[in-house]
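Given next are the chains, with one letter for each unit.
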Amino acid sequence: MSAGKVRTVLGDVDPQTIGRTMMHEHLLIGFMRWRREAGTLEWRGNPDPRAGEPITLANRYWVSFYGRHPDEYRLDDEETAIAEAERFKSAGGATIVDVSNPDLTRQAEALQRISRTTGLHVVMGCGRYVGSNHPLDMDQRSVDELTQELIRDVTEGADGTDIRSGIIGEIGTEYPISKNEERSLVAAAEAQRETGAAISIHPGRNPRAPMEVMQILTQAGCDASRCVMGHLDRTLFSSEDLLELATTSCYLEFDLFGQESSYYAHAPIDMPNDAMRINYIRDLIEAGYGDKIVISQDICQKSNLTSYGGHGYAHILENVVPVMLRKGMTEEDIDRILIENPARILTLVDPAETLTRHQLS
């Protein structure tokens, strides 16, 4: 292991070099991978004729609003990914954490090419996504098999390459948490103890989900202070609930910046806008949790890309940071969220240190 370093697809780097970081993105992604590959995926989208048309500016809003176009959740063009990522770099960005795991059609070699071409650091994820995206043989996989797969991805290389993952995740759960998802969480906790890597979580769409996930992880021996709880801006909707989660010591991730529609295509959720996200962050900073906040945009749809009229990977740097300043956040607050906190959580720790923390808790 390389404790004290950040593991990227091009190798281990000094944490001081990672700069402004997006903690939860997808440069390339494809959902329902195993069903697609098995030929068992049936599209049950909207019968609206627009679902059979190419995505263009003429139908882009409908595609984004309803999420019912079969091509919306498939980012598979490297040249487009490079062009979109280069805009992030031009805006002052330095690192993208791509949390696409095998269930989300992770492409290790492509991520390495994107990193080389753009000059950006790319940290790659690993593990299992939500149950509906699990491999078709997931019921037969033991916790130990899941754990060893994670350890190999972090320490040896992923997908038959020597390209190593730098974070465990995004580990997905729906709600209620299924038995397979629980085993996936337990495996993530065990792999964290063996590798010293952080864990990134995709919780179910229920306010109880984040705390239940943290309970499973900590009971399995996870170091909660080395976990990132994602998608809070579609899961918890009060400062009180956010403060309760903060007491677990996990990092709090607001990763849907740029998604400002009051309609959420995946569940009956009243989504906040970016200004409201900033208000939650300010409350957490005032409560003393400024060193536990990370942010991102979770680009995973074509309509998110600037190529399709979306906000893109540079949205936070170009558009959100000025609003943060206008709403009273300081440059120091912003640097902590975009640079210091990501560098700390992404830095690999000595596995013995993680084990010691668990024994003392």
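Shown above is the structure to which this text applies.
Now for a description of the structure that goes with this document. Note that this is a predicted model, so its numbers are computed, not measured.

1. Topic: the overall build of the chain
Here comes step 1: For the chain, the count of helices and strands is 12 helices and 12 strands.
Here comes step 2: The C-alpha radius of gyration computed for the chain amounts to 19 Å, which stays within 12% of the reference 21 Å derived for 361 residues, consistent with globular compactness.
Here comes step 3: Seen through its C-alpha atoms, the chain measures out along the principal axes to roughly 60 × 50 × 40 Å.
Here comes step 4: Each of the 361 residues in the chain was classed as buried or not, and the buried ones make up 58%.
Here comes step 5: Just so you have it, the chain exposes about 14,400 Å², and 46% of that area is on carbon and sulfur atoms.
Here comes step 6: Taking the average location of the 36 positive side-chain charges in the chain and that of its 56 negative ones, the two points are 1 Å from each other.

2. A closer look at helix H6 (residues 179–195)
Here comes step 1: The first and last C-alpha atoms of H6 sit 24 Å apart over 17 residues, in line with the 24 Å expected at 1.5 Å per residue.
Here comes step 2: With 12 of 17 residues buried, H6 is to be regarded as a mostly interior element.
Here comes step 3: Residues of H6 that are buried include every one of Asn180, Glu181, Arg183, Ser184, Leu185, Val186, Ala187, Ala188, Ala189, Ala191, Gln192 and Thr195, and no others.
Here comes step 4: Just downstream of H6, Gly196 is the residue with a positive phi angle, here 80°.

3. What about the packing of aromatic side chains?
Here comes step 1: Per the counting criterion, the structure on display carries 7 aromatic pairs.
Here comes step 2: Here Phe31 and Tyr129 contribute two aromatic rings whose centre-to-centre distance is 6.0 Å and whose plane-to-plane angle is 65°, an arrangement assigned as edge-to-face. Taken together, the residues span a long stretch of sequence, with Phe31 in the loop between strand E4 (29–30) and helix H1 (33–38) and Tyr129 in the loop between strand E7 (121–124) and helix H5 (143–155) at a distance of 98 residues. Neither residue differs from the other here; Phe31 and Tyr129 are each classed as buried.
Here comes step 3: An aromatic cluster is defined as three or more aromatic residues linked by ring pairs; in this entry it consists of Tyr61, Trp62, Phe65, Tyr66 and Tyr263.
Here comes step 4: Seen from the ring of Phe257, Arg277 lies directly overhead, with NZ or CZ sitting 5.6 Å from the centre.

4. Here we look at the environment of Trp34
Here comes step 1: Mapped onto the fold, Trp34 is located in helix H1.
Here comes step 2: Linking Trp34 and Glu72, residues 38 residues apart in sequence, is a C-alpha distance of 18 Å.
Here comes step 3: When neighbours within four sequence positions are excluded, Trp34 is seen to be in contact with Pro102, Asp103, Arg128, Asn133, His134, Pro135 and Leu136.

Conventions and cut-offs
Residues numbered from 1 in each chain as written. Predicted model: local features only at pLDDT ≥ 70, side-chain atom pairs only at ≥ 80, totals over all residues. Heavy atoms only, no water. Helix = DSSP H or I, 4+ residues; strand = E, 2+ residues; numbered from the N terminus. Rg over C-alpha atoms; globule rule 2.2 N^0.38 Å. Buried < 20%, exposed > 50% of the residue type's maximum accessible area, 1.4 Å probe, protein only. Areas by Shrake-Rupley, 256 points an atom, 1.4 Å probe, with all protein chains shown as cover. Lys, Arg positive; Asp, Glu negative; His and termini not counted. Charge placed at Lys NZ, Arg CZ, Asp CG, Glu CD. Expected span 1.5 Å × (residues − 1). Phe/Tyr/Trp six-rings, centres within 6.5 Å; stacked < 30°, edge-to-face > 60°. Lys NZ or Arg CZ within 6 Å of the ring centre and 35° of its normal. Contact = heavy atoms within 4.5 Å.

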